[in-house]
Amino acid sequence: MNVDELVAIDIHTHAEEPCKHGETRDDGYMEFQAGMAKYFGNPAGADGMLPSPGQTAAYFRERKIGAVIFPVDTERETGFHRYSNEEVAEICAENDDILIPFASIDPWKGKMAAREARRLIRDFGVRGFKFHPTMQGFWPNDRMAYPFYEVLEEEGVITLFHTGQTGVGSGMRGGMGMRLKYSHPMSIDDVAVDFPDLKIIMAHPSFPWQEEALAVAQHKPNVYIDLSGWSPKYFPEILVKYANSMLKKKMLFGSDWPAITPDRWLADFEKAPFKDEVRPLILKENAKRLLNL
């Protein structure tokens, strides 16, 4: 990856396993994807319209944007089979000029999660791990996850936690069983205290707990915020204020592809009230430093 040639680094893109022709999805999967498409106002997911990681690489390469990409292991809570971490990492290796591999393992898998994580890091070059507390049904500061975090801290990789409300299950009966409470950002404060050398990214503007997320990122040196999942035109005023000042070196560009495209995010970012000297930090420089690129 020639970072100097990139215009930006997207820290938050999804590897959604595409539904191949003639295959049958897990029960409820298409309804879930249709709900996501409705929530985000795009066709991704409708009738199986999900880009493969290879298609994602081509899209981002054309735009000269580096992309951190990951699947999400939610098998236990949703019943949807996970996309193989190994397969995603192998596709990233084939497209290492543009893709950076993260992985996902349900922390409830305990010692198996820790063992798999170490293998993925050492054998497949995985650079970080995505957690979705709402979809995986756990509090980030639950001690059952600590042996997993210990491995990640030892190996020097990055953790990325979903925070705030989610489009997953939005408008569906019972919210598809998703409990929003698990993604309160304050529980990540405990993780940052107990694992001070673990690099932590809180994903998304953390509605309705934006101020709590800003407090954690300001107070803990090892905590960052990615700005994915929302168009910048909807960012809370206080988020922009902190991004323009004391947290300008801890804010990261993320789109949430394919739910939101970089084209849309970047177009709205140009019109948002960010300082000129802050824009390159958010778009690339902060991620470059965090990822050691």
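For the structure, see preceding data.
Residues numbered from 1 in each chain as written. Predicted model: local features only at pLDDT ≥ 70, side-chain atom pairs only at ≥ 80, totals over all residues. Heavy atoms only, no water.

### Some points on the overall build of the protein chain
Now for step 1: Each helix and strand in the protein chain was counted, giving 12 helices and 8 strands.
Now for step 2: Burial analysis of the protein chain (293 residues in total) assigns 57% to the buried set.
Now for step 3: Long-range contacts, defined as pairs at least 24 residues apart, comprise 77% of the intrachain contacts of the protein chain with a sequence gap of at least 6.
Now for step 4: On the protein chain, roughly 12800 Å² of surface is accessible, and the fraction owed to carbon and sulfur atoms is 50%. (Helix = DSSP H or I, 4+ residues; strand = E, 2+ residues; numbered from the N terminus. Buried < 20%, exposed > 50% of the residue type's maximum accessible area, 1.4 Å probe, protein only. Contact = heavy atoms within 4.5 Å. Areas by Shrake-Rupley, 256 points an atom, 1.4 Å probe, with all protein chains shown as cover.)

### What to know about the pattern of salt bridges
Now for step 1: One pass over the full model with this rule turns up 15 salt bridges.
Now for step 2: Arg-76 is the salt-bridge partner of Asp-106, the closest N and O atoms lying 3.3 Å from each other. One end of the pair, Asp-106, is in the loop between β3 (99-103) and α5 (111-124); the other, Arg-76, is in helix α3 (residues 75-78), and 30 residues separate them in sequence.
Now for step 3: Assessed through its relative accessible area of 44%, Arg-76 is described here as partly exposed.
Now for step 4: A salt bridge links Glu-155 to Arg-118; the nearest nitrogen and oxygen atoms lie 2.9 Å apart. Residue Glu-155 is located in helix α7 (residues 146-155), and its partner Arg-118 is located in helix α5; the two are separated by 37 residues in the primary sequence. (Salt bridge = Lys/Arg side-chain N within 4 Å of Asp/Glu carboxyl O.)

### Here we look at the nonpolar core
Now for step 1: Among the nonpolar cores identified, the biggest contains 83 residues, and Phe-129, Tyr-149, Leu-152, Met-251, Trp-265, Ile-282 and Leu-291 are the most heavily contacted of them.
Now for step 2: Excluding residues that lie within four positions of it along the chain, Leu-291 makes contacts with Ile-9, Ile-11, Val-68, Ile-100, Phe-102, Arg-127 and Ile-158. (Core = buried A, V, L, I, M, F, W, Y, C linked by side-chain atoms within 4.5 Å.)

### A look at the pairing of strand β4 (residues 128-131)
Now for step 1: Taking every second residue as pointing to the same face, both faces of β4 are buried, with Gly-128 and Lys-130 on one and Phe-129 and Phe-131 on the other.
Now for step 2: By the bridge criterion, 2 bridges tie β3 to β4 in an arrangement that is parallel. Directly across from Ala-103, in β4, lies its bridge partner Phe-129.
Now for step 3: With α5 bridging β3 and the parallel β4, this β-α-β connection has right-handed handedness. (Pairing = 2+ DSSP bridges. Right-handed = clockwise from strand over helix to strand, strands pointing away.)

### Considering the packing of aromatic side chains
Now for step 1: Summed over the entire model, instances satisfying the criterion amount to 19 aromatic pairs.
Now for step 2: An angle of 65° between the planes, with centres 5.4 Å apart, marks the rings of Tyr-59 and Phe-60 as edge-to-face. Here the two residues Tyr-59 and Phe-60 agree in accessibility, since each one is buried.
Now for step 3: Judged by centre distance (5.8 Å) and plane angle (85°), the ring pair of Phe-131 and Tyr-149 falls under edge-to-face. Linking Phe-131 in strand β4 with Tyr-149 in helix α7, this pair joins segments that are 18 residues apart in sequence.
Now for step 4: We classify Phe-131 as buried; its relative accessible area is 0%. (Phe/Tyr/Trp six-rings, centres within 6.5 Å; stacked < 30°, edge-to-face > 60°.)

### Thoughts on the side chain of Asp-73
Now for step 1: Secondary-structure assignment places Asp-73 in the loop between β2 (65-70) and α3.
Now for step 2: On the accessibility criterion, Asp-73 (1% relative accessible area) is buried.
Now for step 3: A polar atom in the side chain of Asp-73 sits 3.4 Å from the backbone nitrogen of Glu-75.
Now for step 4: Polar contacts involving the side chain of Asp-73 include one to the main-chain amide nitrogen of Asp-106, which spans 3.0 Å.
Now for step 5: With residues up to four places along the chain from it excluded, the contact list for Asp-73 reads Arg-82, Ser-104, Ile-105, Asp-106, Lys-109 and Gln-136. (Polar contact = N/O pair within 3.5 Å; in protein donor to acceptor, adjacent residues only side chain to side chain.)

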